[in-house]
Amino acid sequence: MTDQTIASHVSAPKPAAKPARGIWRQGWQRFARSRTGMLGLVLVLIVVATAVIGPFVAPFDAQDQSPMLDPGAKAPPSWTNPLGTDRMGYDVLSRVIYGAPTALAVGLGAMSIAAAIGILVGGVAGYRGGTTDEVLMRFTDFFLVIPMFVVILAVVRLLGVAVVDTPFESVPYLNLGVIILLIGVFSWAPIARMTRAEFLRLKNQEFVEAARCIGATSGDILFRHILPNALPSLIVIIALGIGGAVLAEAMIGFLGFGDPAAVSWGQLLYFNYQALKVAPWASLSPGLAIFVTVLGFNLLADGLTDAFNPRAKN
Amino acid sequence: MAGLAAETQAAAAAPRPPEATASPAPVLVSVENLRIQFPPWNAPVRVVEDVSYQVRTGETMGIVGESGSGKTLSSLAILNLLPPPARIAGGRILFEGEDLAAKSQAQMQKLRGRRLAMIFQNPGYSLNPLLTVGAQLAEILKVHEKLPRSAALQRVEELFRLVGITDPGSRLSQYPHEMSGGMKQRVCIARALLCHPALVLADEPTTALDVTIQAQILDLLEELKQRLGMSMIFVTHDMGVVARIADRITVMYAGQVCETGDKQAIFARPSHPYTQALLASTPRIDKSYAVDAQGRRERLPTVGLAATPGQSLGGGCRFAGRCPEAVPECTRLVPQAAAIEPGRSVHCLKRGSAGVPGHG
């Protein structure tokens, strides 16, 4: 047999040069076609931009109560205080701006924790199967049924008492950190379930079997073959979870259990809801901020579903 | 398939070069009394029962059988990659003097891809959609030969050229979905050959391709096999394909071997009733089929009755229920191999096999 014969097999015409299109690029193209997804992305980018550059452009410092003296508390919007002032004499616009980094820290922080636990637990359960799977999924069910808010409120209140006169008292944003940690610890169960389902689906795919056949190690199979293929579904559920985490923190703040040192939208509502009739701007502004952020992440998740799972919609 | 079916007869009839009958090459892999079972373990389902065959160096063994005949499972068993909960319940798989069935997964991982390689049925599913083909293939060289990335990619490119991929250099950075089915199968073949394995297991590598591409891929495999001096186990349900590529054939039915022998001998003188029925039911382009007075064409013969349901696995010869020549003992006694010609054996009580009482 000669090269002649091999050359004679060649039948496919040389493809025209075009950019490589992986699943991510295809996903982006579908995402760009989804109007709700793009709206979500724009809203999220607005929040992110506010969090990043907001503190540099905010008219007042977060803890600056000087407007109390000049226009006074509960003053309506003016040139110096575009969104008015609140019950405590803070500038509402500045407080809302300073709330953005907190909201993002909660959303991203909590979901990073949830994603780390969820992917680990779900991945091990799905890949190993058998008894390991049974045990881990019952453990997951256990976390799914614990009422998150009761636990968080109890822990935050007890913690406030417990740290008095200990070195922990001086840790900055300790309360907020604990809230982030707890929201994360109580939101991983759906991620674990999704990860398990995806790993179960993927581990029997032919390309994974093929990888095993050519001697790929377990690590390669997990991190190069299975996990990247599971990511599209996981990103959707994580994006949805970010909105949920922001909302959860707002709720805790609104109930008065927030971190007194941090500026949080929920807490602004808590401080100002009693003056709703006198100074509606002080309650509506943080409320709108929460609304925009959560809506943004949910629409983003919606667009990501369109992008990575186009069949689910039709 | 009609085109290949015609070639079936042609290839079977054509005298082969004497290489097959010359002094036999050493046996590379020897499957001995392989038994694969599925749970429940107190009454296991014996999907593969006492299967034995040998593949010599440089030879292609075609394993033919219908769905559920255990042909894929017995080849996955060679790689020690049976899908759970299936397990090897007995027998040995001797490869280069070692029993693969007794090896640990860690030991097997070092052999897979290096000495043993597999080509899958559907090239569309057997490549990771998220990695470029170059990266996927270079990974194997990284694992087995600790080659740096650039050297690995160079080797991959050479292999791409060998398997007839156009413009191999730029194909390296393409994703599987940018390629046609035939091209993907060439990539899969390149992947299997990357470390020059001694044995390639091909599980219906042409079934998902259309007939013209199928012919190209078969030619390619044949050519590569001769060039690289490797052995191949070619699993298929397609008599046309097996006639074209195999040197020797093992016919399987419901987890049992029906007969083994040289391709020409089996096509020219099928011995087992199942093989006879199978060949009789293959449409032939060189045969004219009679048309009766109502204008109805003569019907092709079929392998009689329905396929054996899974529950009845066990007992004697599993083909007995469909066999036109079955006698009562057939359902009770398992036929053992009987040599009927040099290098040819058949498992059938009516062809001189000894029978031993079955397990079931």
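Refer to the structure above for everything that follows.
Residues numbered from 1 in each chain as written. Chains lettered and ligands numbered in written order. Predicted model: local features only at pLDDT ≥ 70, side-chain atom pairs only at ≥ 80, totals over all residues. Heavy atoms only, no water.

1. Structural notes on the overall build of chain A
On a plain count of helices and strands, chain A comes out with 12 helices and zero strands. The order of helices and strands in chain A, counted from the N terminus, is α-α-α-α-α-α-α-α-α-α-α-α. Taken over the C-alpha trace, chain A has a radius of gyration of 25 Å; the compact-globule value for 314 residues is 20 Å, which it surpasses by more than 25%. For chain A, the spread of C-alpha atoms along the three principal axes comes to 95 × 50 × 35 Å. Counting every position in chain A, which comprises 314 residues, the buried fraction comes to 46%. Partitioning the intrachain contacts of chain A with sequence separation of at least 6 by distance along the chain shows that 73% fall at a separation of at least 24. Surface summary for chain A: the accessible area is close to 15600 Å², and the carbon and sulfur share equals 68%. If the 22 positive side-chain charges of chain A are averaged to one point and the 19 negative ones to another, these points end up 11 Å apart. (Helix = DSSP H or I, 4+ residues; strand = E, 2+ residues; numbered from the N terminus. Rg over C-alpha atoms; globule rule 2.2 N^0.38 Å. Buried < 20%, exposed > 50% of the residue type's maximum accessible area, 1.4 Å probe, protein only. Contact = heavy atoms within 4.5 Å. Areas by Shrake-Rupley, 256 points an atom, 1.4 Å probe, with all protein chains shown as cover. Lys, Arg positive; Asp, Glu negative; His and termini not counted. Charge placed at Lys NZ, Arg CZ, Asp CG, Glu CD.)

2. Focus on the overall build of chain B
In terms of helices and strands, chain B carries 11 helices and 14 strands. Looking at chain B as a whole, 54% of its 360 residues qualify as buried. Look at the contacts in chain B between residues 6 or more apart in sequence, and 64% of them connect residues 24 or more apart.

3. A short note on the sheet that holds strand β10 (residues 256-262) of chain B
All names here are of chain B. Reading across from one edge, β6-β7-β8-β3-β9-β10-β13-β12 is the order of the eight strands in this open sheet, with mixed pairing throughout. Sheet topology places β6 (116-119) and β12 (338-341) at the edges, where each strand pairs with a single neighbour. Taken over all neighbouring pairs, the strand axes of this sheet differ in orientation by 20 degrees on average, direction set aside. The pairing of strand β3 (residues 60-64) with strand β9 (residues 248-253) spans four bridges and is classified as parallel. (Pairing = 2+ DSSP bridges. Axes fitted to C-alpha atoms, helices over the stretch in contact; angles between N-to-C directions.)

4. Points about the pattern of salt bridges
For the coordinates displayed, the defined rule picks out 23 salt bridges over all chains. Across the pair Glu-49 of chain B and Arg-46 of chain B runs a salt bridge whose closest N-O atoms are separated by 3.9 Å. Between Glu-341 of chain B and Arg-344 of chain B there is a salt bridge, with its nearest N and O atoms 3.1 Å apart. For Glu-341 of chain B, a relative accessible area of 26% gives the class partly exposed. We classify Arg-344 of chain B as buried; its relative accessible area is 3%. A single salt-bridge network, built from bridges that share partners, covers Glu-134, Arg-138, Asp-141 and Arg-193 of chain A. (Salt bridge = Lys/Arg side-chain N within 4 Å of Asp/Glu carboxyl O.)

5. Some remarks on helix α9 (residues 206-213) of chain A
Every buried residue of α9 of chain A is accounted for by Phe-207, Val-208, Ala-210, Ala-211 and Cys-213 of chain A. Tucked inside the fold, the buried residues of α9 of chain A contact α8 (188-203) and α10 (218-254) of chain A together with β6 and α7 (181-193) of chain B. Gly-215 of chain A sits one or two positions beyond α9 of chain A and adopts a positive phi of about 85 degrees.

6. Describing the nonpolar core
Grouped together as the largest cluster of nonpolar side chains are 60 residues, with contacts concentrated most on Met-111, Ile-152, Ile-183, Ile-252, Trp-265 and Leu-304 of chain A. In terms of residue count, helix α4 (residues 92-128) of chain A provides more of this core than any other element does, 12 residues in total. Ile-152 of chain A has contacts with Leu-182, Ile-183 and Ile-252 of chain A, leaving out every residue within four places of it along the chain. By size, the runner-up hydrophobic cluster in this structure holds 41 residues, among which are Phe-160, Leu-162, Cys-195 and Leu-209 of chain B. (Core = buried A, V, L, I, M, F, W, Y, C linked by side-chain atoms within 4.5 Å.)

7. Comments concerning helix α4 (residues 133-145) of chain B
Over its 13 residues, α4 of chain B extends 18 Å from the first C-alpha to the last, a length consistent with the 18 Å expected when each residue adds 1.5 Å. With 11 of 13 residues buried, α4 of chain B lies mostly within the body of the structure. Contact partners of the buried residues in α4 of chain B: α10 of chain A together with α3 (105-111), α5 (149-162), α6 (168-171) and α7 of chain B. Backbone geometry just after α4 of chain B places Lys-146 of chain B at a positive phi near 55 degrees. (Expected span 1.5 Å × (residues − 1).)

8. As for the packing of aromatic side chains
Summed over all chains, the structure comprises 11 aromatic pairs over all chains. The interplanar angle of 45 degrees and the centroid separation of 5.9 Å between the aromatic rings of Phe-143 of chain A and Phe-186 of chain A together place this pair among those described as tilted. Pair noted here: Phe-143 of chain A is in helix α5 (residues 130-145) and Phe-186 of chain A is in the loop between α7 (174-185) and α8, with a separation of 43 residues, a long-range link. Comparing Phe-143 of chain A with Phe-186 of chain A, the two get one shared label, buried. Between Arg-95 of chain A and the ring centre of Tyr-90 of chain A, over which it is positioned, the NZ or CZ distance is 3.8 Å. When the ring centre of Trp-41 of chain B is taken as reference, the NZ or CZ atom of Arg-87 of chain B above it lies at 3.9 Å. (Phe/Tyr/Trp six-rings, centres within 6.5 Å; stacked < 30°, edge-to-face > 60°. Lys NZ or Arg CZ within 6 Å of the ring centre and 35° of its normal.)

9. Considerations on the packing of α4 of chain A against α7 of chain A
All names here are of chain A. One can describe the packing of α4 onto α7 by two numbers: an axis separation of 7 Å at closest approach and a directional angle of 40 degrees. Classified by the angle their axes make, α4 and α7 are oblique. Regarding α4 and α7, the two cross each other, and that crossing is right-handed. Of the residues in α7, those in contact with Thr-102, Ala-105, Val-106, Gly-109, Ala-110, Ile-113, Ala-114 and Ile-117 of α4 are Leu-176, Ile-180, Leu-181, Ile-183, Gly-184 and Val-185. (Parallel < 35°, antiparallel > 145°, perpendicular 65-115°, else oblique. Left-handed = near helix turned anticlockwise from the far one by under 90°.)

10. Focus: a nonpolar patch on the surface
On the surface, Val-48, Val-52, Ile-53, Phe-56 and Val-57 of chain A cluster together to form a nonpolar patch covering roughly 530 Å² of accessible area. When you line up the elements, Ile-53 of chain A lands in helix α3 (residues 35-57). (Patch = residues over 30% accessible without salt bridge, like charges linked within 9 Å, V, L, I, M, F, W, Y side chains within 5 Å.)

11. Description of the environment of Leu-333 of chain B
All names here are of chain B. Mapped onto the elements, Leu-333 comes out in strand β11 (residues 333-335). A relative accessible area of 16% means that Leu-333 is categorised as buried. Once the C-alpha coordinates of Leu-333 and Pro-357 are considered, the two residues, 24 residues apart in sequence, prove to be 4.5 Å apart. The residues contacting Leu-333, other than those within four sequence positions of it, are Gly-316, Cys-317, Leu-349, Gly-355, Val-356 and Pro-357.

12. Here's the deal with the side chain of Gln-216 of chain B
Secondary-structure assignment places Gln-216 of chain B in helix α8 (residues 211-228). At 2.9 Å, the side chain of Gln-216 of chain B and the side chain of Arg-186 of chain B are in polar contact. (Polar contact = N/O pair within 3.5 Å; in protein donor to acceptor, adjacent residues only side chain to side chain.)

13. Quick look at the sheet that holds strand β1 (residues 27-38) of chain B
All names here are of chain B. An order of β2-β1-β4-β5 is seen for the four strands of this open sheet, with the pairing classed as antiparallel. At either margin of the open sheet sits one strand with a lone partner, and together these are β2 (45-56) and β5 (98-99). As judged from the two bridges shared by strand β4 (residues 87-95) and β5, these two strands associate in the antiparallel manner. Opposite Phe-95, over in β5, you have Glu-98 as the bridge partner. This element, helix α2 (residues 71-78), spans β1, β2 and β4 of the sheet and lies at about 115 degrees to β1.

14. Observations regarding unusual backbone geometry
Residue and element names in this part refer to chain B. The step from Pro-39 to Pro-40 runs through a cis peptide bond, and the omega angle for that step is 5 degrees. Tracing the chain through its elements places Pro-40 in the loop between β1 and β2. A cis geometry characterises the amide bond from Pro-84 onward to Pro-85, with omega recorded as 5 degrees. In this fold, Pro-85 is placed in the loop between α2 and β4. Even without being glycine, Asn-33 reaches a positive phi, approximately 50 degrees. Within the secondary structure, Asn-33 sits in strand β1.

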